[in-house]
Amino acid sequence: LAKGEASKQTLASLNGLLASQQTFWVKRKIGTWNNAMIRVYPDNRVEHWLNGFKMLEFQRGSPEYASLVANSPFKDMPTLGNAAKGFIMLENRGYPVSYRSIKLKELR
């Protein structure tokens, strides 16, 4: 990975594209559950929240977002993350991970 790339693959980051604004006090102790939320607004603004703190924000489909994708390992996938509907993906990067109470809902 290039210098600074590792930070784009940490907790609450946008996988390989954008580093979260995480700080040590946002994470919970090992063995306790984190509370994560991703909000996607009608204007394509996306927010990642962790334990009540906004970790990052970006605009899907914007020139800035297209630049992030073009300069990432996903450069061959220019439409990455721009679908209005689709599937979610959960990753673990090879470490043990658990999920619970996953809910998807449309906010009006």
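Each remark here, short or long, concerns the structure printed above.
Heads up: these notes are all about the structure in this document. Please read all numbers here as calculations on a predicted model, not as lab measurements.

With respect to the helices and strands, asparagine 51 occurs in the loop between strand E2 (45–50) and strand E3 (53–59). Judged by its relative accessible area of 13%, asparagine 51 is buried. Sequence spacing of asparagine 51 and asparagine 34 is 17 residues, and the spatial spacing of their C-alpha atoms is 6.1 Å. In contact with asparagine 51, other than residues within four places in its own chain, are Val26, Lys27, Arg28, Asn34 and Asn35.

Looking now at the pattern of salt bridges. All chains considered together, the criterion is met by five salt bridges. Between arginine 45 and glutamate 47 there is a salt bridge; the shortest N-O distance is 2.8 Å. Its salt-bridge partner being glutamate 57, residue lysine 54 comes within 2.6 Å of it at the nearest N-O pair. Overall, glutamate 57 belongs to the partly exposed group, its relative accessible area being 37%. Put simply, Asp43, Arg45, Glu47, Lys54 and Glu57 are held in one network by salt bridges that share partners.

A word on the packing of aromatic side chains. Two descriptors summarise a pair of aromatic rings, namely the distance from one centre to the other and the angle between the planes of the rings. One pass over the full model with this rule turns up one aromatic pair. For the ring pair phenylalanine 58 and tyrosine 65, a centre distance of 5.5 Å and an interplane angle of 15° mean the geometry is stacked. On the basis of relative accessible area, phenylalanine 58 is assigned to the buried category, the value being 11%.

Within a regular strand, side chains alternate between the sheet's two faces. Here E2 pairs with E3 via six bridges, running antiparallel. Looking at the pairing, histidine 48 lines up with leucine 56 of E3. What sits between E2 and E3 in their antiparallel hairpin is a turn of two residues, with asparagine 51 showing a positive phi close to 50°.

About the cut-offs
Positions within a chain are numbered from 1, following the residues in the order the chain's sequence is written. Local features in a predicted model are, by the rule used here, given only for residues with pLDDT of at least 70; side-chain atom pairs are given and counted only at 80 or more, and totals for whole chains, interfaces and linings are based on all residues. With hydrogens and water set aside, each side-chain value is computed from the structure's full complement of heavy atoms. Starting at the N terminus, helices and strands are each numbered in turn, a helix being any DSSP run of H or I of at least four residues and a strand any DSSP run of E of at least two. Here the term buried applies to any residue with accessible area under 20% of the maximum for its type, exposed to any over 50%, and partly exposed to those in between, with areas from a 1.4 Å probe on protein chains only. Here, two residues are considered to be in contact whenever any of their heavy atoms come within 4.5 Å of each other. By salt bridge we mean one thing: a side-chain nitrogen of Lys or Arg within 4 Å of a carboxyl oxygen of Asp or Glu. Each Phe, Tyr or Trp ring, with Trp reduced to its six-membered ring, pairs with another whose centre is within 6.5 Å; inter-plane angles below 30 degrees give stacked pairs, above 60 give edge-to-face pairs, and intermediate values give tilted ones. Following DSSP output, two strands are said to pair if at least two bridges run between them.

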